[in-house]
Amino acid sequence: MMEELYRIYKQHPSVQTDTRMLKAGEIFFALKGPAFNGNEFAKQAIESGAACAVIDEEKFAIPGKTILVTDVLTALQQLALHHRQQFSIPFIAITGSNGKTTTKELIHTVLSTTFKTYTTEGNLNNHIGVPLTLLKIKTDAQMAVIEMGANHQKEIESYCKIALPVYGLITNCGKAHLEGFGGEEGVRKGKGELYDFL
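Residues numbered from 1 in each chain as written. Predicted model: local features only at pLDDT ≥ 70, side-chain atom pairs only at ≥ 80, totals over all residues. Heavy atoms only, no water.

Draft legend 1. Seen up close, the pattern of salt bridges. Inspection of the entire model under this criterion finds 9 salt bridges. Two residues, Asp18 and Arg20, come together in a salt bridge whose shortest N-O distance is 2.9 Å. Between Glu157 and Lys154 there is a salt bridge, and its shortest N-O distance comes to 3.3 Å. A residue is classified by how much of its surface remains accessible, and Glu157, at 26% relative accessible area, is partly exposed. (Salt bridge = Lys/Arg side-chain N within 4 Å of Asp/Glu carboxyl O. Buried < 20%, exposed > 50% of the residue type's maximum accessible area, 1.4 Å probe, protein only.)

Draft legend 2. Geometry of the pairing of strand 5 (residues 52-55). Burial of strand 5 is two-sided: the residues Cys52 and Val54 facing one way and the residues Ala53 and Ile55 facing the other way are all buried. Bridging between strand 2 (residues 27-29) and strand 5 involves 3 bridges; their strand directions are parallel. Note that in strand 5 the partner of Phe29 across the bridge is Val54. (Helix = DSSP H or I, 4+ residues; strand = E, 2+ residues; numbered from the N terminus. Pairing = 2+ DSSP bridges.)

Draft legend 3. Examining the nonpolar core more closely. The biggest cluster of nonpolar side chains holds 40 residues, and the ones touching the most others in it are Phe29, Leu134, Ile137, Ile146 and Met148. Elements supplying a minimum of two residues to this core: helix 1 (2-11), strand 2, strand 5, helix 3 (72-84), strand 7 (91-95), helix 5 (129-134), strand 9 (143-147) and helix 6 (155-163). Here Ile137 is in contact with Tyr9, His83, Phe87, Phe91, Tyr118, Ala144 and Ile146, once residues within four sequence places are set aside. Leu22, Ala42, Ile46 and Ile55 belong to the second largest nonpolar core, which has 9 residues in total. (Core = buried A, V, L, I, M, F, W, Y, C linked by side-chain atoms within 4.5 Å. Contact = heavy atoms within 4.5 Å.)

Draft legend 4. Representation of the packing of aromatic side chains within the structure. Overall, the coordinates contain 2 aromatic pairs when judged by the stated rule. Seen from the ring of Phe91, Arg84 lies directly overhead, with NZ or CZ sitting 3.7 Å from the centre. (Phe/Tyr/Trp six-rings, centres within 6.5 Å; stacked < 30°, edge-to-face > 60°. Lys NZ or Arg CZ within 6 Å of the ring centre and 35° of its normal.)

Draft legend 5. Region of interest: the environment of Thr19. Residue placement: Thr19 occurs in the loop between strand 1 (15-16) and strand 2. Not counting chain neighbours up to four residues away, the residues in contact with Thr19 comprise Phe28, Phe41, Gln44 and Ala45.

Draft legend 6. Main features of the sheet that holds strand 9. Sheet architecture is open: 4 strands sit in the order 8-9-7-10, paired in parallel fashion. What marks the edges here is a single partner per strand, and that holds for strand 8 (117-119) and strand 10 (167-170). Ignoring strand direction, the axes of neighbouring strands in this sheet form an average angle of 15°. Pairing of strand 8 with strand 9 involves 3 bridges; the strand directions are parallel. Note that in strand 9 the partner of Tyr118 across the bridge is Ala144. (Axes fitted to C-alpha atoms, helices over the stretch in contact; angles between N-to-C directions.)

Right, dumping it as structure tokens:
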């Protein structure tokens with residue numbers, strides 16, 4: 001399944017999770033949330049010119065236009081990992097309680113003076129943003145800077161397993177998301193998952 005999905009991605013190397021922002025030729029991933037089911041928008045995505053729609057509910061299948069997977073989010077993350085594995089360039093991960101986005105922008109600006117560098121857009125640094133960032137990296141990339149946000153333990157670890165960073169930077173460990181991390185020591189441990197991976 002992943003080989004087929006990656007073959008389609010190579011022909012149409014742009015993915016979208018929101019039909020309101022969909023451009024013709026993109027692959028639509030029908031993600032689910034607490035108040036929405038992306039599968040319900042698969043038909044609309046195809047009618048709007050999507051190359052195909054990745055769904056996880058068979059009743060929304062459109063022959064020749066949809067790819068049925070067990071879980072759309074997992075498929076998005078696995079596709080991003082597969083794409084990441086095609087590169088042998090430096091991937092730099094950045095996390096921290098604050099200053100991530102500013103630090104990422106500074107590093108990107110400096111690296112871009114010498115290398116073709118791709119980076120996280122805005123603060124798309126979560127379980128959806130990290131794979132979307134990876135899938136925007138083109139074959140001409142010489143450097144990649146990936147921002148990773150987290151509000152509970154094992155989150156950074158899960159992003160590292162997709163982005164496979166070679167270098168990492170933790171801006172700081174502060175009193176942010178204490179409830180999710182279980183206190184300041186939990187924040188340190190959670191952010192430290194990046195160093196553990198490296």
